[in-house]
Structure formats: C-alpha cells, structure tokens
Amino acid sequence: MVTEEDIKKYLEKSGDSFIYEDNIVVNEHGFMSWKIDENKLVLLNVYGNGKYWDTFSIELAKKLGLKSILTATRRSPKAFTRKFGYNITGHILEKEV
C-alpha cells in the first residue's frame, strides 16, 4: 500500500502541492487519480509502477467508453512518447502574477 512517505516523495518529486482524491485508485503498484473531461480520461496524479498504470488507464478508459487518455509531465515528454506511446498534442504555459 501507499504510505505517507510515498505521498511525500511524490509531492516533492512531481512539484504538485496536493493529490486529487475524488477518483483515486491505491494498490500495491502505487496510486493514480483521474477525472473525465469530454471524451477523455485525464490522469491527474500517478505514482509507482508506470507500466502497470499505463495498462490500468487504458483498460479504465475502454471500460468507461472514452476515446483517449490525457496526462502531463514536468519531465521530458519525449520519454512518454517512447515508453508509453503518447503523442505530444500541445503545451502548458504558466505565468505567475
């Protein structure tokens, strides 16, 4: 199971300030939180075994009748295209005010 230490590591590593808990799956592989936006499964927080969560998210999207999966990373998106078959479809821009 995911420990408080795992959550702390995830928050430090990812730069996220919190974990979405509305739709969260926690098991021995880590955790994944998600939501639906239009016809897409949006992965909000993912921690642990990437290959497991990739397969899990594909199965979940199919079960829910969704057309695609969206996710974001602060790391090189090219790694996700290589390892998990994602396509880069845009950019996220941020400005502090």
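Residues numbered from 1 in each chain as written. Predicted model: local features only at pLDDT ≥ 70, side-chain atom pairs only at ≥ 80, totals over all residues. Heavy atoms only, no water.

The space that makes up the largest pocket amounts to roughly 1,800 Å³. Forming the boundary of the largest pocket are 43 residues, of which Thr71, Ala72, Thr73, Arg74 and Phe80 lie nearest the centre. For the lining of the largest pocket, the secondary structure elements donating two or more residues are α1 (4-14), β3 (40-48), α2 (50-63), β4 (68-70) and α3 (77-84). No other element matches the 7 residues that β3 contributes to the lining of the largest pocket. Partitioning the lining of the largest pocket into residue classes produces 20 nonpolar, 16 polar and 7 charged. (1 Å grid on protein atoms, 1.4 Å probe; cavity = no way out; pocket = protein on both sides within 12 Å on 5 of 7 lines; lining within 4 Å. Points joined across faces, edges and corners; volume = space filled by probe spheres on them. Helix = DSSP H or I, 4+ residues; strand = E, 2+ residues; numbered from the N terminus. Nonpolar A, V, L, I, M, F, W, Y, C, P; charged D, E, K, R; others polar.)

Before going further, it helps to examine the pairing of strand β2 (residues 30-37). Pairing between strand β1 (residues 24-27) and β2: 4 bridges, direction antiparallel. Pairing of Val25 across the sheet is with Met32, part of β2. Turn length for the β1-β2 hairpin, with the two strands adjacent in sequence and antiparallel, is 2 residues. Hairpin geometry of β2 and β3 is characterised by an intervening segment of 2 residues between the two adjacent antiparallel strands and by a positive phi of about 60° at Glu38. (Pairing = 2+ DSSP bridges.)

Quick look at the confidence of the model for the chain now. Summing up the model confidence of the chain, the mean pLDDT is 86 and the portion of residues at 70 or higher is 96%. At the low end of the mean pLDDT range in the chain sits α1, at 80; at the high end sits α2, at 95. (pLDDT = per-residue confidence, 0-100.)

Here 4 strands make up an open sheet; going across it, the order is β1-β2-β3-β4 and the pairing mixed. The open sheet has two edge strands with one neighbour each: β1 and β4. Each adjacent strand pair in this sheet contributes to an overall mean axis angle of 30°, direction not counted. Pairing of β3 with β4 involves 3 bridges; the strand directions are parallel. Residue pairing in the sheet places Leu41 in a bridge with Ile69 of β4. Strands β2 and β3 of the sheet are contacted by α1, whose axis makes an angle of about 115° with β3. Relative to the sheet, α2 contacts β1, β2, β3 and β4, its axis offset from that of β3 by approximately 155°. (Axes fitted to C-alpha atoms, helices over the stretch in contact; angles between N-to-C directions. Contact = heavy atoms within 4.5 Å.)

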